[in-house]
Amino acid sequence: MSTKTSSNVAVETKTARHRSPLRMAVRRFMNHRLAVIGAIVIIVLALVALLAPWIAPHDPNAIDLFATSKPPSAAHVLGTDETGRDILSRLIYGARVSLTVGLTAAISTGALGLVLGLLAGYYGGAVDSIIMRLTEIVLSFPSLILMILVVAVAGPSITIIVVVIALTHWPITCRIVRQETRILREQDFMVAGRAIGASNFLLMAKHVLPGVLSPLTVAVTLLAAEAVLLEAALSFLGLGVAPPEASWGGMLNAAQSLTTLSTKPWIWLPPGIAIAVVVLAINYVGDGLRDALDTRQAA
């Protein structure tokens, strides 16, 4: 009898281990096929960006006046632009800019929104009022116009673009974190923690922070896709990374004329497709993370 009981306990322990929250979340994510495909696409593009100096067939900034606006050929797989630069090489190097801006801007925005959202949601009162009024002020300005103004004054660079995106989009993550924190603050375990004298910092770090990470992760993922689009928009307007550094938006900037649009599709199609693929991939990953981190979903 005792042997059978021990066997049952071992089976239950093994089952519980296999049904841990992390394993269940990974399983739910893997069941989301589009999210898995999106993750694979992002990983491949990240590797391409890291290995750009070794896999790019040409110098992305090398000008060849004897090969301007050439269609795809054996020498230039995706053709050349109006100054004779290789499209494929610039596309590969452009991945560095888009992924760097998307990742760093999303992390910066999430970190700023996390700190302010935790303070507003946990302390409430005057702290909450001040931070919420600040979010309303930031949200009252058209973000793209504000970004164009700041970048035009400060000068185009990846650092400036990341900082401006973070400063104009943190209210989104702040509100999400604030709402979740307000809910968690009133839970019994938080009341018990305060009753035994636990510090506010300890309560936020140990109990509130893990509770807000799931919605924050989804929001940050979707913000990464928006950051890629914003960088492309600024580069298209000539306010992105400084020339001659390659960026997908900057490559689209060279295809503004109707002649180029109608007769030279190899100049603008590759960067346009690359932007669309990255944004879709990030959005699919965000959808997968939303389902994976939703504890109401079945295993």
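As the structure is a prediction and not an experimental result, all values here were calculated from the model. (Residues numbered from 1 in each chain as written. Predicted model: local features only at pLDDT ≥ 70, side-chain atom pairs only at ≥ 80, totals over all residues. Heavy atoms only, no water.)

1. Describing the overall build of the protein chain
- Within the protein chain, the secondary structure is distributed over 13 helices and zero strands.
- Scanning the protein chain from its N terminus toward the C terminus, one meets helices and strands in the order α-α-α-α-α-α-α-α-α-α-α-α-α.
- Over its C-alpha trace the protein chain gives a radius of gyration of 24 Å, far above what one expects of a compact globule, namely 19 Å for 299 residues.
- Contacts in the protein chain between residues far apart in sequence, at least 24 positions, make up 73% of those at least 6 positions apart.
- When the accessible surface of the protein chain is split by element, carbon and sulfur atoms take 69% of a total near 16,000 Å².
- Within the protein chain, the 17 negative side-chain charges are centred at a point lying 11 Å from the centre of the 22 positive side-chain charges. (Helix = DSSP H or I, 4+ residues; strand = E, 2+ residues; numbered from the N terminus. Rg over C-alpha atoms; globule rule 2.2 N^0.38 Å. Contact = heavy atoms within 4.5 Å. Areas by Shrake-Rupley, 256 points an atom, 1.4 Å probe, with all protein chains shown as cover. Lys, Arg positive; Asp, Glu negative; His and termini not counted. Charge placed at Lys NZ, Arg CZ, Asp CG, Glu CD.)

2. A look at helix α7 (residues 143-154)
- The terminal C-alpha atoms of α7 lie 16 Å apart, and with 12 residues this matches the ideal 16 Å at 1.5 Å per residue to within 8%.
- Just downstream of α7 lies G155, where phi reads positive at about 100 degrees. (Expected span 1.5 Å × (residues − 1).)

3. Describing the nonpolar core
- Within the largest apolar cluster, 30 residues are counted, with the highest numbers of intra-cluster contacts made by V208 and W248.
- Taken together, the elements giving at least two residues each to this core come down to α3 (33-50), α5 (87-123), α8 (158-185), α10 (200-236), α11 (248-253) and α13 (265-292).
- Ranked by residues supplied to this core, first place goes to α10 with 10 residues.
- Those residues in contact with V208, other than ones at most four positions away along the chain, are L118, Y122, T181, L184, M190 and L203.
- In terms of nonpolar packing, the next biggest core, distinct from the first, is built from 14 residues, V97, V164, L234 and V241 among them. (Core = buried A, V, L, I, M, F, W, Y, C linked by side-chain atoms within 4.5 Å. Buried < 20%, exposed > 50% of the residue type's maximum accessible area, 1.4 Å probe, protein only.)

4. Concerning the confidence of the model for the protein chain
- Within the protein chain, residue pLDDT values average 83, and 92% of them lie at 70 or more.
- The element-level mean pLDDT for the protein chain is lowest in helix α1 (residues 2-18), coming to 48, with α3 highest at 92.
- Scored below 50 in pLDDT, residues 6-17 shows one contact in the model against residues more than four places distant or in partner chains. (pLDDT = per-residue confidence, 0-100.)

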